[in-house]
Amino acid sequence: MSLLLRNRGAILLLMGNILLVFTGIGLVIPVMPAYMRELDLNGSILGFMVAAFSLAQLLFSPLAGRLSDSIGRKKMIVAGVALFALSEWMFGAVSEPWLLFVSRILGGIGAAFSMPSIMAYVADVTSNEERARGMGYINAAITTGFIIGPGIGGYLAEFGVRVPFYVAGIAGGVAAIVTLLVLPESKANSAPTPAASAPAKASSSAGEPSFMSQLLTSYKQPYFFSLIIVLVASFGLANYETVFGLFVDHRFGFTATDIAFIITFGSIAGAVVQVTIFGWILNRFGEQNVITWSLFVAGLFVLLMLLTNNYWMVFVVTFFLFLSVDILRPAIGTQISKMANDQQGYLAGLNSAFTSLGNILGPITAGVLFDMNINFPYASAGIVLLLCFLLSMRAGKKKRVPVRG
């Protein structure tokens, strides 16, 4: 009997946990305009709150990985889901801006605790041959959470703008308790003996550069421009999503249900393309061309958002923007993995770090610019994406120039 089948109950429980966390993240998108209006908060505060989540997740992920190895996956997963539950409940219950920030920071720490530990747990309980399928299940749960979150949030908002947060908090609390009672600890996390662990720690610390030094020296590497595209893509999408609800609320008076439908449909379309024809697109046109023209389409449609004047125009623009980004991200990931050679884990970490940086800078920029003029966030995101398109096109031409002997 395969390890994956033997541990299917644990995998299903982990899928439920990660589905819940990412549903909770998307849950808030359609209700934020009404919530911010109720609390009399501006775009800058919203942008910094969204960035606080990503910053906390970025800062605590390395610590969470080490704790997962030392104290066990289960404890970290339970702690992460419990922090998520507390964060969601707190965000619905409080009204002071500083407490809202505390809530978002707790949510980021919860995501940092749960994500790497769940991935590590799956690696522990699957064989090398089954690992890709196990990770695929977890990634499917993440994608599903992102897709259904806004729709559920829009529906629950009909009963009150704070209801989605309370529901997410209760569901997270139940999930943490069930995980604590039901999930077995993975075998790989039996504590090592002091004699065995000391040399390993010494060699690890001596032989591996710190996370921050890896980040700061990445500009010297041939894959640095690819990482810049990762940052720009996440910046553009985070910029767009952070103020999307506020933008369409101010300009068109969209309801939470309207916002939920647009975001959900765009997410579904991107997911369908990723699992159906993405491989054909990459093989047919090549990574560089797909990356370059995805940047162009994304930048163009962000700018076209400024020209929309009705619901269906907003729907179409959002659809093509999400589609382009959902093609761009795996394309650049594929390109980076081909450059990695024997540094797959190292570059995967840098990819994640640059994504987080975009998720921090995008919301802050969008929130501050929104308070100046509601059009400025999308103008800035569109310009940055199109500038990156021009740089990518130039890089592609350089690659095609034959080397003279």
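Residues numbered from 1 in each chain as written. Predicted model: local features only at pLDDT ≥ 70, side-chain atom pairs only at ≥ 80, totals over all residues. Heavy atoms only, no water.

As annotated in an unreviewed UniProt entry, the chain carries the name MFS transporter, DHA1 family, multidrug resistance protein and is attributed to Paenibacillus algorifonticola. Word for word, the UniProt comment on the chain under Subcellular location (unreviewed entry) is "Cell membrane". What UniProt records for the chain under Sequence similarities (unreviewed entry) is the sentence "Belongs to the major facilitator superfamily. TCR/Tet family." (UniProt positions renumbered as here; feature names shortened; annotations may be inferred.)

This model, assessed by the stated rule, comprises 24 aromatic pairs. Taken together, a centroid distance of 5.0 Å and an interplanar angle of 45° make the contact between Tyr 35 and Phe 165 tilted. Of the two residues, Tyr 35 is situated in helix 3 (residues 32–39) and Phe 165 in helix 8 (residues 163–182); the sequence distance between them amounts to 130 residues. On the accessibility criterion, Tyr 35 (0% relative accessible area) is buried. Seen in terms of ring centroids, Trp 312 and Phe 315 are 5.2 Å apart; in terms of plane orientation they differ by 65°. Their pairing is edge-to-face. Remark: Phe 315 and Trp 312 occur in helix 15 (residues 311–340); sequence separation between them is three residues, near one turn of the helix. In this structure Trp 312 comes out as exposed when scored by relative accessible area, which is 54%. Ring pairs connect the aromatic residues Phe 252, Phe 254, Phe 261, Phe 265, Phe 301, Tyr 311, Trp 312, Phe 315, Phe 319 and Phe 320, which therefore count as one cluster. Between Arg 104 and the ring centre of Phe 91, over which it is positioned, the NZ or CZ distance is 4.6 Å. (Phe/Tyr/Trp six-rings, centres within 6.5 Å; stacked < 30°, edge-to-face > 60°. Helix = DSSP H or I, 4+ residues; strand = E, 2+ residues; numbered from the N terminus. Buried < 20%, exposed > 50% of the residue type's maximum accessible area, 1.4 Å probe, protein only. Lys NZ or Arg CZ within 6 Å of the ring centre and 35° of its normal.)

Ranked by internal contacts, the top residues of the largest apolar core, which has 77 residues, are Tyr 240, Phe 244 and Met 305. The two domains that each donate at least three residues to this core are domain 1 (1–184) and domain 2 (211–399). In terms of nonpolar packing, the next biggest core, distinct from the first, is built from 26 residues, Ala 10, Val 21, Phe 22 and Ile 138 among them. (Core = buried A, V, L, I, M, F, W, Y, C linked by side-chain atoms within 4.5 Å. Domains from an automatic or database assignment.)

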